[in-house]
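The lines below spell out each chain.
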Amino acid sequence: MFGAAKAVASTTDSRPAQTKILTAAKGVASETERLINAGRAVSVNPADESLNSNMHAADNAVQAAIAVLLAAAGNAGAGSEECDAAGEQIRKGMKVGSPLTPSFFLLLWKIA
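Engineer: Explain the confidence of the model for the protein chain to me, and be specific about the residues and the numbers.
Structural biologist: The share of residues in the protein chain with pLDDT of 70 or more is 64%, and the mean pLDDT across the chain is 76. In the model of the protein chain, helix 5 (residues 102-111) stands out as the element of lowest mean pLDDT, 46, in contrast to helix 2 (residues 15-44), which has the highest, 90. For residues 96-112, every residue scores under 50 in pLDDT, and the model assigns this stretch 23 contacts once sequence neighbours within four places are set aside.

This is the structure:
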């Protein structure tokens, strides 16, 4: 994902736009790590409401970080139409507020 963000950032000569895209990509990576860690905690103790609450908050944070990245990439200049189209597909695939299952994170944990 970060490689893709670097590629999009390289399509513009605007230093502020490049910085915005790369910072947003780092935000997505950071929030995704937080979500995976929260999912691991839930997979160990699925009945703990506070862990589930943390996982759902992390899910919302990932979705918000993705929205920031898509906005930054969409305003990058050259190739922004393609970024907008890709962003729309990502938005359609995100289910805002959908419950996350501990088994999903258990699977991620086994993969990682």
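The structure having been displayed, the exposition proceeds.
Engineer: If you had to explain the packing of helix 2 against helix 3 (residues 49-74) to someone new, which residues and values would you point to?
Structural biologist: The N-to-C vectors of helix 2 and helix 3 enclose an angle of 165°; their axes lie 8 Å apart at closest approach. Classified by the angle between their axes, helix 2 and helix 3 sit roughly antiparallel to one another. The chirality of how helix 2 crosses helix 3 is left-handed. By residue class, the composition of the contact of helix 2 with helix 3 is 20 nonpolar, five polar and four charged.

Engineer: Go over the nonpolar core with me, naming the residues and quoting the values.
Structural biologist: In terms of nonpolar packing, the biggest core is built from 19 residues, with I21, V28, L35, M55, I66 and L69 touching the most fellow members. Elements that contribute at least two residues to this core include exactly helix 1 (2-9), helix 2 and helix 3. At nine residues, the largest contribution of residues to this core is made by helix 3.

Definitions and limits used
Residues numbered from 1 in each chain as written. Predicted model: local features only at pLDDT ≥ 70, side-chain atom pairs only at ≥ 80, totals over all residues. Heavy atoms only, no water. pLDDT = per-residue confidence, 0-100. Helix = DSSP H or I, 4+ residues; strand = E, 2+ residues; numbered from the N terminus. Contact = heavy atoms within 4.5 Å. Axes fitted to C-alpha atoms, helices over the stretch in contact; angles between N-to-C directions. Parallel < 35°, antiparallel > 145°, perpendicular 65-115°, else oblique. Left-handed = near helix turned anticlockwise from the far one by under 90°. Nonpolar A, V, L, I, M, F, W, Y, C, P; charged D, E, K, R; others polar. Core = buried A, V, L, I, M, F, W, Y, C linked by side-chain atoms within 4.5 Å. Buried < 20%, exposed > 50% of the residue type's maximum accessible area, 1.4 Å probe, protein only.

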